[in-house]
Amino acid sequence: MSGRPRTRSPRRKSTDGSAPTTSRDRSGSSGDERDKDIERDKDIEQDSDVERDNTADSIADLDRLMLDLGELPDPSPSIRKEPQPEKTLEELLSELNAPKHEAPKGFTKSKRDDFLESGAEVFAKPETPKVKLAWNPKFNTDPKQIKVYQVQENGAIGQEISGAIGWDSLVLYEFGATKWAYHADGRPMVMGKHVAQGNPVFIDRADLVESTYKSTTTMIDDLAERNGEELRRGFWEEKRQELEVAGKISFSKGVPGINTKAIKDRKVEEGGHVTVPAAEYDIVGFMPNVTVAHGQYAPFSVIIDVGGMEVVVSPDRTWGVERGHVDKAKELNLDAKLAAKDILDVFKADDSFRPYLSAPDWLRDDQIHYVTPEQMGAVFVLKRVPESQDEVKAAELDNEGVFNEGKGTPGVRIGADIYVQLNELGTGTEYHEAIHKLSHPAVEHVLGHWFGEGLTEYFTRLLVAGPVKDGKLVRSDAQYSAEYKAIEALVAHAQVTQGELADAYFKGNIKPLYDKVATAAVHPPFSAKKPFSLDGFAARLDPVRAAEALEIFEVACGVVRDDNTTTTTTTSSADL
């Protein structure tokens, strides 16, 4: 999805007393974000998924309620020739029969945390950089329902084995970079051994996480909670008091809201979503510790009176957003539609991208669609451009939550097509979506949406550096800033090369990223025995916790922080 720029909520109040400025390549409206993660239950190809972490606290005696604001599908794979295992089946079987530790018998969900932390399962020979794996609660909610595939005579992936196999029946091995096999649909797989039958099988990599996933995410979450509490007591409490004194709130554009009656009746999806028109409204109350908008920064929501109906809305948008890059593009007359040739020429001019271009005509004019905000809302519901205004209205009625998500999105890729909002011209949205079109599904499939967006923005900025310098487009540094900084940190501290990032993003070769992080990020409180988890880091690169995820990663890499600056210690990864 095109660059939703976002900045982390400040650790302290700004000097002028204003609210934290947030910017979004999606809609230009602050706080209109959402935590995302991978869901794979639909059949269209799109570059992002939505993990709904939006919740509502009780009204009167109502327990906390999860607000599902709609669903977006997961990308289908690109068709590429993937690397095959180099060793023969006999050699692989020999490795599988090496001394090992078996996963606990009778594994149940109640034992998950202990198992994730145990570190008892070893998936590689001692001389091989270890990446320990355990069941992944992010994707597989039932450890007894793990799909496995046969290993063919040539070591390739065979047919799916009928009947789900429980985790406690598997002992997994993690091989080197050349030992990761790829399913025909592009999913990365790893090999394991069926304990009862003794035969090797392939397991979906997304069903697994590193065994130190929980300890890493817990450290990040704890730090985020401490920082968030500091903000709530200071900055955000002052902002809430300002609104309470004013008694009114104004919106210059329509904003999404939730009917409070729908929340009380637990029927949010049955007409609970509403679009609040641009106007000034009376504030009738507040909902502390509630977020109702996508990635909302304010830790509270506002209850307003909309024609006699109480609606819960995010206060973020009332404080304005940074849209300077859009305004500058218009001032410089750069807000023009681009033809496929214009975009392809920029890719062809950069030698570093040429090896990853799938075909000369990998992007055509009929695959580029420029739409209005309302049409983009319909695109999110219909997965195509609406044919009429009546279809736009019907799409909004069909799923207003997803419709509003689309209205706030400047660009998205669905299948082979990219869609760009007309009010985002000249800002490089087309290039961001075009890079998504070239991506391999492995990164987002295993490391998640936010990590994938960080890599997409990383390559977008490399690609458009020339046009930006020449004054041909304006690209905001705020776009996916936190995710972009995470990728920069991998390069700076884990010494991941640009070529390795490209091979991961465009070819699906993600194993080197794990090897580099496992080697570099072993400073206290982490160690070679219980290292920092790349899986856990990637899972926390969302707008709410990205700053803390980066800070914990730097700690693991021995980086010394001095207020807002960071420097690397003299210990290099080669010394570890």
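Please refer to the structure higher up on the page.
Note that the structure is a prediction, hence the values are computed from the model and not measured.

**Comments concerning the overall build of the protein chain**
Of the regular secondary structure elements, the protein chain holds 17 helices and 21 strands. For the protein chain, with 576 residues in total, the buried portion stands at 57%. A separation threshold of at least 6 residues defines the contact pool for the protein chain, and within that pool the share at least 24 residues apart is 69%. When the accessible surface of the protein chain is split by element, carbon and sulfur atoms take 49% of a total near 23,600 Å².

**Topic: the side chain of Gln367**
Note that Gln367 resides in the loop between helix 6 (340-348) and strand 17 (368-371). Discounting residues that sit within four places of it in the chain, Gln367 has contacts with Trp362, Ala416, Asp417, Ile418 and Lys437.

**Quick look at the pairing of strand 8 (residues 188-194)**
For strand 8, the tally of buried residues reaches seven of seven residues, placing the bulk of the element in the interior. Neither face of strand 8 is left uncovered, since the one carrying Pro188, Val190, Gly192 and His194 and the one carrying Met189, Met191 and Lys193 both have all their residues buried. Bridging between strand 7 (residues 181-182) and strand 8 involves two bridges; their strand directions are antiparallel. Considered in strand 8, the bridge of Ala181 is made with Met189. Where strand 7 folds back on strand 8, the antiparallel hairpin that results is connected by five residues, among which Gly186 adopts a positive phi of roughly 95°. Examined bridge by bridge, strand 8 and strand 9 (residues 200-204) share five bridges and lie antiparallel to one another. Across the sheet, residue Lys193 finds its bridge partner in strand 9, namely Pro200. Connecting the antiparallel pair strand 8 and strand 9 is a turn made up of five residues, with Gly198 showing a positive phi of about 80°.

**Regarding the sheet that holds strand 19 (residues 417-421)**
Read across the open sheet, the three strands follow the order 17-19-18; overall the sheet is mixed. Of all the strands in the sheet, the pair left with one neighbour each is strand 17 and strand 18 (411-414). Averaged over all adjacent pairs, the angle separating strand axes in this sheet is 20°, with direction ignored. Examined bridge by bridge, strand 18 and strand 19 share four bridges and lie antiparallel to one another.

**A look at the environment of Gly536**
Positionally, Gly536 belongs in helix 16 (residues 534-539). The exposure class of Gly536 is buried, given its relative accessible area of 0%.

**Here we look at the nonpolar core**
Of all hydrophobic cores here, the largest spans 92 residues; its most connected members are Phe347, Phe451, Phe459 and Phe553. The element contributing the most residues to this core is helix 12 (residues 449-469), with seven residues. With sequence-adjacent residues up to four places away left out, Phe451 is seen in contact with Val443, Ile487, Leu490, Leu513, Leu534, Ala538 and Leu541. Counting residues in hydrophobic clusters, the runner-up holds 19 residues, among them Trp236, Ile249, Tyr281 and Tyr297.

**Points about the environment of Asp351**
Position of Asp351 relative to the elements: it lies in the loop between helix 6 and strand 17. What makes Asp351 exposed here is its relative accessible area of 52%. Within the structure, Asp351 has its side chain in polar contact with the side chain of Arg354 (distance 2.9 Å).

**As for the sheet that holds strand 11 (residues 248-251)**
Here we have six strands laid out as an open sheet, ordered 11-14-15-16-12-13, and antiparallel in their pairing. The outermost strands of the open sheet, each flanked by one partner alone, are strand 11 and strand 13 (273-276). For this sheet, the mean inter-axis angle between neighbouring strands, taken without regard to orientation, is 45°. Two elements, strand 11 and strand 14 (residues 279-288), share four bridges in a ladder whose sense is antiparallel. Its bridge partner lying in strand 14, Ser250 is registered against Glu280. This element, helix 9 (residues 400-407), spans strand 12 (255-259) and strand 13 of the sheet and lies at about 40° to strand 13.

**Concerning the packing of helix 3 (residues 213-246) against helix 17 (residues 546-556)**
The N-to-C vectors of helix 3 and helix 17 enclose an angle of 125°; their axes lie 9 Å apart at closest approach. By the angle between their axes, helix 3 is oblique relative to helix 17. In the crossing of helix 3 with helix 17, the sense of the turn from one axis to the other is right-handed. Contacts from Met219, Ile220, Leu223, Ala224 and Asn227 in helix 3 reach Glu548, Ala549, Glu551 and Ile552 in helix 17.

**Things to note about the pattern of salt bridges**
The final tally for this structure, using the stated rule, is 19 salt bridges. Across the pair Lys516 and Glu500 runs a salt bridge whose closest N-O atoms are separated by 2.9 Å. Of the two residues, Lys516 is situated in helix 15 (residues 511-520) and Glu500 in helix 14 (residues 498-507); the sequence distance between them amounts to 16 residues. Since its relative accessible area comes to 25%, Lys516 is described here as partly exposed. In this structure, Asp542 and Arg545 form a salt bridge, with 2.6 Å as the shortest nitrogen-oxygen distance. Each member of the pair Asp542 and Arg545 is classed as buried. Each member of the salt-bridge network shares a partner with another, and the members are Asp221, Arg540, Asp542 and Arg545.

Calculation criteria
- Residues numbered from 1 in each chain as written.
- Predicted model: local features only at pLDDT ≥ 70, side-chain atom pairs only at ≥ 80, totals over all residues.
- Heavy atoms only, no water.
- Helix = DSSP H or I, 4+ residues; strand = E, 2+ residues; numbered from the N terminus.
- Buried < 20%, exposed > 50% of the residue type's maximum accessible area, 1.4 Å probe, protein only.
- Contact = heavy atoms within 4.5 Å.
- Areas by Shrake-Rupley, 256 points an atom, 1.4 Å probe, with all protein chains shown as cover.
- Pairing = 2+ DSSP bridges.
- Axes fitted to C-alpha atoms, helices over the stretch in contact; angles between N-to-C directions.
- Core = buried A, V, L, I, M, F, W, Y, C linked by side-chain atoms within 4.5 Å.
- Polar contact = N/O pair within 3.5 Å; in protein donor to acceptor, adjacent residues only side chain to side chain.
- Parallel < 35°, antiparallel > 145°, perpendicular 65-115°, else oblique.
- Left-handed = near helix turned anticlockwise from the far one by under 90°.
- Salt bridge = Lys/Arg side-chain N within 4 Å of Asp/Glu carboxyl O.

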